[in-house]
Amino acid sequence: MTDESSEPDAGDETGGETNPGEGDGTGGETDPGEGDGTGDETNPGEGDGTGDVTNPGEGDGTGDETNPGEGDGTGDETNPGEGDGTGDVTTPGEGDETGGETDPGEGDETGGETDPGEGDETGGETDPGEGEETDGETDPDEEEESDKLDGKLSAFGSARSGESDFTIDADGKLTAYNGTGGDVTIPDTVTAIGNNVFKGKTNITSVTIPGTVLSIGDDAFSGCSGLVEVKLNEGLQTIGNAAFDGAAFGKKELTGITNGTLTIPKSVTKIGGAAFRNSLYLETVIFESGQIELSMSSTHDGYSDRGAFRDCKSLKNVTLPDNLKTLPKNTFEGCSSLESVHFGSLLETIGERAFKGCSSLQGAFMPASLKEIGKNAFSGCSGMTEVTLNKGLETIGEGAFDGAAFGKEDLSGIVNGTLTIPGSVTSIGGAAFRGSAYLETVVFESGQTELSMNSTHDGYYDRGAFRDCKSLKNVTLPD
């Protein structure tokens, strides 16, 4: 603190500094490039804001800097790419908050890095392709770290927000989901959703499926009990077995169920067994009518009674499409809240147990195209007060309307209570109308073909078609 400076360019708050470019507030340093606030430094290119600095390219906000390219926000800088607020940097492309780095392309807040292209969040980068979030990047072939695919995306487009949550193969098939749930929007690079991709992920609340998706695999969303809303895309063709088995499709609030509506696009041509089974809050299903026949199945995991909407306990209203010719067995079995069904104009067959146990179903108005009602199709529909059978119907299976009400009772007596059997019907199975509570009148129209009736049902031979219809008063048999 008492020495005098004898060389030009020396001095900066302390005392005598004898070498050019020195001075930073401590003591005398006689070797070029030294100074770090402690002792003598003998290597060129050193210095960090404490001691004397005599070598070109030095400086960090304390002493005078005489060489171009130095500095980092305090002294003059004439060379591009050097300095970052710490120590002296003597080699192009260096500098990062540590110390002397002598290899090009170094600097990343740690230590000496010797491979070109390294470094981030610092400064002075002269090699092409180095660093991010800084400047001096000259190689367009390098990608920023945030855009790296890390093996989670295929070559379909660049990464967008949320795409890292998905694993997509080269064919556009979504094979895995790695996200945290919530509202999920599937990328538009996806053409198929694979089997089991979202299975059991109860934290997913909604799914938006892009128009590029053609198929949804088996069990894809099975067990997603928190899935409140699903938007199926126009263009979707196939919905696999148990694809949404157990999905909520709505939520219950004080005012009742919200959402609870599912629309099946007209582009869908195949729906697998148990596809929407066991939904807790699904209330309304609307099928859009397409140009290609819709095929539905009730087979899943080796069982043939896994109807697509079986045991959807909140389901109330269903509109079936015109392009559905066969409603397979068990499709709506156990949907105890189902009140109304609108059949499509081309429906030909209602399969076995299709509506079995739908105790809230109020009526059934069969389309003119219908030819067959399967075994136990409406069995247990105790609330069904009105049934209209169409001309052209040929077969009424065993137990088809077993336990159906066929009317209701009010203060004036039984309302409805009349059943007309068209002349086109040629076969009526055992127990077909057994146990009706309010059926009062049965009228058979005479047809051109012999009518066959039997009393066999479930292996028993005493199950007459109208057995135990306690309110039945009038019957007109055909010619």
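See above for the structure.
Residues numbered from 1 in each chain as written. Predicted model: local features only at pLDDT ≥ 70, side-chain atom pairs only at ≥ 80, totals over all residues. Heavy atoms only, no water.

**Student:** When you look at the packing of aromatic side chains in this model, what are you seeing that I'm missing?
**Tutor:** Each aromatic ring pair is summarised here by two numbers: the centre-to-centre distance and the angle between the ring planes. One pass over the structure, following the stated rule, counts 19 aromatic pairs. Arg306 extends its terminal NZ or CZ atom over the ring of Tyr303, reaching a point 4.1 Å from the ring centre. Over the aromatic face of Tyr460 sits the side chain of Arg463, whose NZ or CZ is 4.2 Å from the ring centroid. (Phe/Tyr/Trp six-rings, centres within 6.5 Å; stacked < 30°, edge-to-face > 60°. Lys NZ or Arg CZ within 6 Å of the ring centre and 35° of its normal.)

**Student:** Even after reading the chapter, I still don't get the pairing of strand β5 (residues 204-208), so can you show me in this structure?
**Tutor:** The side chains of a regular strand alternate, first on one face of the sheet and then on the other. Relative to β5, strand β3 (residues 182-185) runs parallel, the two being bridged by four bridges. Note that in β5 the partner of Asp183 across the bridge is Ser206. Where β5 and strand β7 (residues 229-231) come together, three bridges link them in parallel fashion. Among the inter-strand pairings, Thr208 is bridged to a residue of β7, identified as Lys231. (Pairing = 2+ DSSP bridges. Helix = DSSP H or I, 4+ residues; strand = E, 2+ residues; numbered from the N terminus.)

**Student:** Looking at this structure, I do not really get the sheet that holds β5. What am I missing?
**Tutor:** As a general point, the strands of a sheet are linked pairwise by backbone hydrogen bonds and lie either parallel or antiparallel. With respect to topology, three strands assemble into an open sheet ordered β3-β5-β7, the strand pairing being parallel. The sheet is open, and its two borders are formed by β3 and β7, each paired with just one other strand. Strand-to-strand twist in this sheet, taken as the mean axis angle between neighbours without regard to direction, amounts to 15°. (Axes fitted to C-alpha atoms, helices over the stretch in contact; angles between N-to-C directions.)

**Student:** Just checking my understanding: could you explain the state of the cysteines for this structure?
**Tutor:** Here, disulfide denotes a covalent bond that connects the sulfur atoms of two cysteines. The final tally for this structure, using the stated rule, is zero disulfides. Left without a disulfide partner, Cys312 is nearest to the cysteine sulfur of Cys335, which lies 5.1 Å away. In this structure Cys312 comes out as buried when scored by relative accessible area, which is 0%. With no disulfide of its own, Cys358 has Cys335 as its nearest cysteine by sulfur position, at a separation of 5.2 Å. (Disulfide = S-S within 2.5 Å. Buried < 20%, exposed > 50% of the residue type's maximum accessible area, 1.4 Å probe, protein only.)

**Student:** It is not clear to me how the sheet that holds strand β14 (residues 295-296) should be interpreted in this structure. Could you clarify?
**Tutor:** Read from one edge of the open sheet, seven strands run β1-β2-β4-β6-β8-β12-β14, paired in mixed fashion. Only two strands of the sheet have a single neighbouring strand rather than two, namely β1 (166-168) and β14.

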